[in-house]
Amino acid sequence: MDAHDTAPVRGGPGRAAQGRGGRTASAARTVPDARTSTGARRSPVDAHTTPGACTTPGACTTPGARATAGARRTAPVRRHGLLGVRRAAAVLALLLLAQTVFWRTAPPAPLAPAASTATDAVDLAVAVDESRSLSTADVERERDAAGRIAVGEISPASRMTVLGFASADDDDQSPVDEVCPTTVLDAVAREKMDGCIGRLARREAGQGTGTDFPNAIRQAVTRLSEHGDNRPRILFLLTDGKLDVSDSPSYGTDEESREENGRRELTKALAEARAAKVQIWPLGFGDEIDMDALQDMAKGGYRGGCTDLEEARPRADKATDSQTLGDAVQRAFAGARCLVTDPPRKDTPPADISVPLSPLATLATIVVSKGDRAVRATYYDPRGRKIEPGRRSDGSTFTLSGSGGEVESLRITDPRPGLWQVRLDAPEGHRDRLASVSVQWRGAVRSSIVMTPAAPRPGEKARVELTLQTRDEQGIGDPADLRRLKVSGQLTGDGFEPVDLALSDDGENGDKKAGDGRFTGTVAIPRKATGALKAVGVLGAVGLTADHRPFLTRTASANPEVRAELRVADTEVHPGGSVPFRLLASNDSNRPHTLRLSLRDTEPGAFDLSPTEVTLAPGDSVDRAGRLTVGGKPAPRELTVRMEVSDADDSARPLDAKLVKVDITPVPSWPERIWEEWWWALVTGAVLLATLLGWFVWHRRQAREGVSPGGLLLRLTVSDDSEQRTTSERTVPRKRDPWYRFDVSDPDGPSPRLDPRPTGRYALQRDPRTGIRLRTPDGRDQSYPLAHDIPLEGSVRLRVERGGGRPAARRPGPPRWLADLLPRQRKPAPAPSDRRDTDDLGMRDTYGSSPYGGSPYGRSSRDDEFDEAT
């Protein structure tokens, strides 16, 4: 049916609802979509306990296959004689043998899907108060709330009806207007729903301006019940909670009787809703909301929610203004549909708003309340990729609804966990209204449970461990997700009443670590237990369903003859790696026993187990090593597997069971692998290399210091007729330069001088064997002993002796490196001395240098310290 078609109705107690124009609303006008037949809620099936499961080839056939088989049986059968009978017998024997082998070697049943492929559809009705007790702005907010509900519904097979109601003050008026007839909420219908919701308006005088709750509830119950299926039925009642039928003649002849009859009819209407299993979720609008009346209507309808939790039971809420509207609608809708939701995030466009999606989510809807139709929303997944509605990407499907209205939604199946981003853009002049983005989702988890000892005795205390995983086998470690979970368990068995198991993940009372996703508790096995035992987890959380894997065992005798223990620890491996474990077992009986090791509660092919069987001779005991190998090339994630060892010769009685957490990490690159395997060799080599490098530097330094001429005393002498006199004298500075270069100035004059220059023609250094080595201008190197006169040019000779002076004492003050950082104070330079030649020791030569070398102002202690440091 087209969502724009309307069927206005009218009525009072006991009268058929008619429209304002007098037309009768007919249920025949609403045709249910054929797809709704597949939207009913499906019950989960326990793969371990379902009787009659098709586990052998040929055990189950399709209807078509059975028809074909019947046709074959009616055809004439050709007899082949005794040879044909023998062949048939041989084939039958092989089939029986294959079936026997199959039953003995069949692996554990794989996990059931995390969530059903068909979403659970519901029937929705939204009744909007149009009475005069509300303002025009209140009715606008009601329209916004109805639009949010329409685009936020998670199932495309759900049906929805929108009603506007006030009162009928005469026979020509109708208390209820069916503005949006019952429509299946597929993508096309959601787009049209925005148009018919827009026709909701506050009634004016002469149109019936009271508030007739009984007729509104009865009309909603009629529409929700007309299809006759077992879908959940939900009525959202948007009003201020004030019953007003004082002007409605159908309720009596005077105002007092009308009000009394109105309250009586409201009680009857609520009883009818309760009988029809219609939940009523009131949402208060206006300045004067009667919350008590709204709570009474919520309690008067059907109290069974989508789950047996208080959070899912109908309750009243209120939206006092536009700011609180989104929060109130989201809380009510999430409670009615058993969805997980967080408070909306708000901003004015242009803006980027991020909303988180949990790894538990299997179905999610991002709802954007734009506040202005001109606002455009663009969606990006956690990887930053732009979402193209209508396409399938990364295992998810996307459906966009209401893109042209003030409220739109993006429905995502199997969403990728992480932060999803909504980018809001708007043209100039449309950026002043606040927009909000919210996400609501439904999820599924899988549980695995073990008990230690695996086969306890009656009266014995047993330790129970339960772990949860997401739909893609990953462990749950996010604190926000763990806070949503209320995990417990139940123990059932022969001879006693069910026992509740208290499980916690708080690091106390036997729990190893708080917040690791492994819930632990203890239970005393009832003394009346006589045989089979079954431990199973119980999950209590709105918006989450669980596929619980039970632990099946039975009580043991006081002194069991066969014992076994598995020793394995949680570990981290790479794809293709393995987890070591040990099996300790003993057999005190007088016959051999075969122990079988198996893996449970994991996807087929995820792990390979070796060994799988161990045979114990009478009186034998073993300590066997084994390995749990990661199979295939799984993506990096955290997996949990249940490892069991059972006695195959004692009806597969469990002997021990362990939950093993395996954190699969990416395969490291070759540098990482080399470091992981050879880090000790690399560290040792680095230490040796550093030692060798240090020795080389030290040796080089020693070698340089061994040939450095620093500290030697150089004298230039000339020979006169009767004597030899010194004309210049200099002490080589104590540096690590291997060569000391100088020139001879005025070699033919009466007083030649030794002039140090970086590019001098002469070069001098120590010679550890002889004394000194002198390099002359022609490039020749010649070694001489100390205190030997070496001819240079003409009558000039050079004598090199050991220096007798010591370096100047260190002056007080900061070291050189610190003095360079401090602000310097300029000192007045000393008056220059007269330049004159002299041959006196300690006097300056012609170039103003000290005969002992260095600056004419002498060397400071910081100079010596800098030289030593470099």
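Bear in mind that the values here come from a model prediction, so they are computed numbers and not experimental data.

*Asks:* Help me understand the overall build of the chain, please; the structure alone is not making it clear to me.
*Replies:* The helix and strand inventory of the chain stands at twelve helices and 41 strands. Here the chain holds 870 residues, and 45% of them are scored as buried. For the chain, the proportion of contacts with a sequence separation of at least 24, taken over those separated by at least 6, is 69%. Total accessible area on the chain stands at roughly 44,500 Å², and carbon and sulfur atoms take up 52% of it.

*Asks:* What should I look at first to understand the sheet that holds strand E18 (residues 487-493) in this one?
*Replies:* Within a sheet, each strand pairs with its neighbour through backbone hydrogen bonds, oriented either parallel or antiparallel. Read across the sheet, four strands follow the order E19-E18-E21-E23 without closing on themselves; strand pairing throughout is antiparallel. The outermost strands of the open sheet, each flanked by one partner alone, are strand E19 (499-502) and strand E23 (551-554). On average, each strand axis in the sheet is tilted by 25 degrees relative to the strand beside it, whichever way the strands run. As judged from the four bridges shared by E18 and E19, these two strands associate in the antiparallel manner. Of the residues in E19, the one forming a bridge with glycine 489 is leucine 501.

*Asks:* Mind showing me how you'd approach the sheet that holds strand E31 (residues 637-647) here?
*Replies:* The strand order across the open sheet formed by five strands is E25-E32-E31-E27-E29, and the pairing between neighbours is mixed. At either end of the open sheet lies a strand with only one pairing partner, and these are strand E25 (571-573) and strand E29 (613-616). The sheet shows a mean angle of 30 degrees between the axes of neighbouring strands, direction not considered. Relative to strand E32 (residues 653-664), E25 is paired through three bridges, and the arrangement is parallel. Counterpart to threonine 571 in the pairing with E32 is valine 662.

*Asks:* Just to check I follow, could you spell out the pairing of E32 for this structure?
*Replies:* Note on strand geometry: in a regular strand, side chains alternate between the two faces of the sheet. A large share of E32 lies buried, amounting to ten of its twelve residues. Here E31 pairs with E32 via eleven bridges, running antiparallel. Across the sheet, residue valine 641 finds its bridge partner in E32, namely valine 660. Hairpin connection of E31 to E32: five residues between the antiparallel strands, including serine 651 at a positive phi of 55 degrees.

*Asks:* Help me understand the packing of aromatic side chains in this model?
*Replies:* Describing an aromatic ring pair means giving the distance of the ring centres and the angle of the ring planes. One pass over the full model with this rule turns up six aromatic pairs. Considering the side-chain rings of phenylalanine 398 and tryptophan 420, the 6.2 Å spacing of their centres and the 55 degrees angle between planes classify their relative orientation as tilted. One end of the pair, phenylalanine 398, is in strand E13 (residues 396-401); the other, tryptophan 420, is in strand E15 (residues 418-425), with 22 residues separating them in the sequence. When sorted by exposure, phenylalanine 398 lands in the same class as tryptophan 420, which is buried. Ring geometry for phenylalanine 742 and tyrosine 762: centres 5.4 Å apart, planes at 10 degrees, overall stacked. Of this pair, phenylalanine 742 sits in strand E35 (residues 740-745) while tyrosine 762 sits in strand E37 (residues 762-767), and the two are 20 residues apart along the sequence. Assessed through its relative accessible area of 0%, phenylalanine 742 is described here as buried. Connected via pairs of aromatic rings, a cluster forms that spans Tyr740, Phe742 and Tyr762.

*Asks:* Would you mind going over the pattern of salt bridges with me for this structure?
*Replies:* Working definition: two side chains of opposite charge can pair if their charged atoms are close together. Within this structure, the stated rule accounts for 54 salt bridges. With its nearest N and O atoms 2.8 Å apart, the salt bridge here joins arginine 223 to glutamate 178. Of this pair, arginine 223 sits in helix H5 (residues 213-225) while glutamate 178 sits in strand E3 (residues 176-184), placing them 45 residues apart in sequence. Ionic contacts of the salt-bridge type, sharing partners, join the residues Arg715, Glu729, Asp789, Arg799 and Glu801 into one network.

*Asks:* What should I look at first to understand a nonpolar patch on the surface in this one?
*Replies:* A contiguous nonpolar surface patch, about 1,000 Å² in accessible area, is contributed by Trp670, Ile674, Trp675, Trp678, Trp679, Trp680, Leu682, Val683 and Val687. On the secondary structure map, tryptophan 680 appears in helix H10 (residues 670-707).

*Asks:* When you look at unusual backbone geometry in this model, what are you seeing that I'm missing?
*Replies:* A negative phi holds for most residues other than glycine; trans holds for most peptide bonds. Residue threonine 452 is joined to proline 453 through a cis peptide bond whose omega torsion reads 0 degrees. Within the secondary structure, proline 453 sits in the loop between strand E16 (435-452) and strand E17 (461-469). In this chain, serine 610 is followed by proline 611 through a cis amide linkage whose omega measures 0 degrees. Of note, the phi angle at lysine 277 is positive, near 60 degrees, even though the residue is not glycine. Tracing the chain through its elements places lysine 277 in the loop between helix H6 (255-275) and strand E5 (278-284). You will see that serine 651, though not glycine, has its phi angle at about 55 degrees, which is positive. Structurally, serine 651 can be placed in the loop between E31 and E32.

*Asks:* What am I meant to see in the environment of asparagine 230 here?
*Replies:* Its place among the elements puts asparagine 230 in the loop between H5 and strand E4 (233-239). A sequence separation of 107 residues divides asparagine 230 from aspartate 123, and the C-alpha atoms of the two residues are 9.7 Å apart.

*Asks:* Can you help me understand helix H3 (residues 136-152) in this one?
*Replies:* Note on helix geometry: an α-helix contains 3.6 residues per turn, so any two residues three or four positions apart are oriented the same way. Given a rise of 1.5 Å per residue, 17 residues ought to cover 24 Å, and the 24 Å separating the end C-alpha atoms of H3 matches this to within 8%. Burial within H3 is extensive, with 13 of its 17 residues counted as buried.

*Asks:* Just to check I follow, could you spell out a negative patch on the surface for this structure?
*Replies:* The grouping of Glu572, Glu672, Glu676 and Glu677 at the surface amounts to a negative patch. You can see glutamate 676 is positioned in helix H10.

*Asks:* Whenever I open this one, the confidence of the model for the chain confuses me. Can you help?
*Replies:* Residues shown with low pLDDT carry predicted positions that ought not to be read at fine detail. Per-chain confidence: the chain averages 78 in pLDDT, with 77% of residues scoring 70 or above. Residue range residues 1-85 is modelled with pLDDT below 50. Its contacts to residues more than four positions away, or to other chains, number 127 contacts. With pLDDT under 50 throughout, residues 91-118 is counted as low confidence; its partners more than four residues away or in other chains account for 32 contacts.

*Asks:* What's the story with the side chain of threonine 467 in this structure? I'm lost.
*Replies:* Note on placement: threonine 467 falls in strand E17. Since its relative accessible area comes to 5%, threonine 467 is described here as buried.

*Asks:* Quick question: what am I supposed to make of the side chain of aspartate 511 here?
*Replies:* Structurally, aspartate 511 can be placed in the loop between E19 and strand E20 (518-524). In terms of polar contacts, aspartate 511 uses its side chain to reach the backbone amide nitrogen of glycine 507, at 2.8 Å. In terms of polar contacts, aspartate 511 uses its side chain to reach the side chain of threonine 520, at 3.0 Å. When sequence neighbours within four positions are dropped, the list of residues in contact with aspartate 511 reads Ser504, Asp505, Asp506, Arg518 and Thr520.

*Asks:* Could you clarify how one ought to interpret helix H7 (residues 291-300) in this entry?
*Replies:* Among the residues making up H7, those that are buried are Ala293, Leu294, Met297, Ala298 and Gly300. Each buried residue of H7 sits inside an arc of 165 degrees when the element is viewed along its axis, so together they form one side. Residues of H7 that are exposed and point over 90 degrees away from its buried face: Asp292, Asp296 and Lys299. Each element contacted by the buried residues of H7 is listed here: H5, E4, H6, E5 and strand E6 (317-318).

Cut-offs used in this document
Residues numbered from 1 in each chain as written. Predicted model: local features only at pLDDT ≥ 70, side-chain atom pairs only at ≥ 80, totals over all residues. Heavy atoms only, no water. Helix = DSSP H or I, 4+ residues; strand = E, 2+ residues; numbered from the N terminus. Buried < 20%, exposed > 50% of the residue type's maximum accessible area, 1.4 Å probe, protein only. Contact = heavy atoms within 4.5 Å. Areas by Shrake-Rupley, 256 points an atom, 1.4 Å probe, with all protein chains shown as cover. Pairing = 2+ DSSP bridges. Axes fitted to C-alpha atoms, helices over the stretch in contact; angles between N-to-C directions. Phe/Tyr/Trp six-rings, centres within 6.5 Å; stacked < 30°, edge-to-face > 60°. Salt bridge = Lys/Arg side-chain N within 4 Å of Asp/Glu carboxyl O. Patch = residues over 30% accessible without salt bridge, like charges linked within 9 Å, V, L, I, M, F, W, Y side chains within 5 Å. Expected span 1.5 Å × (residues − 1). Lys, Arg positive; Asp, Glu negative; His and termini not counted. Charge placed at Lys NZ, Arg CZ, Asp CG, Glu CD. pLDDT = per-residue confidence, 0-100. Polar contact = N/O pair within 3.5 Å; in protein donor to acceptor, adjacent residues only side chain to side chain. Arc of directions from axis to C-beta.

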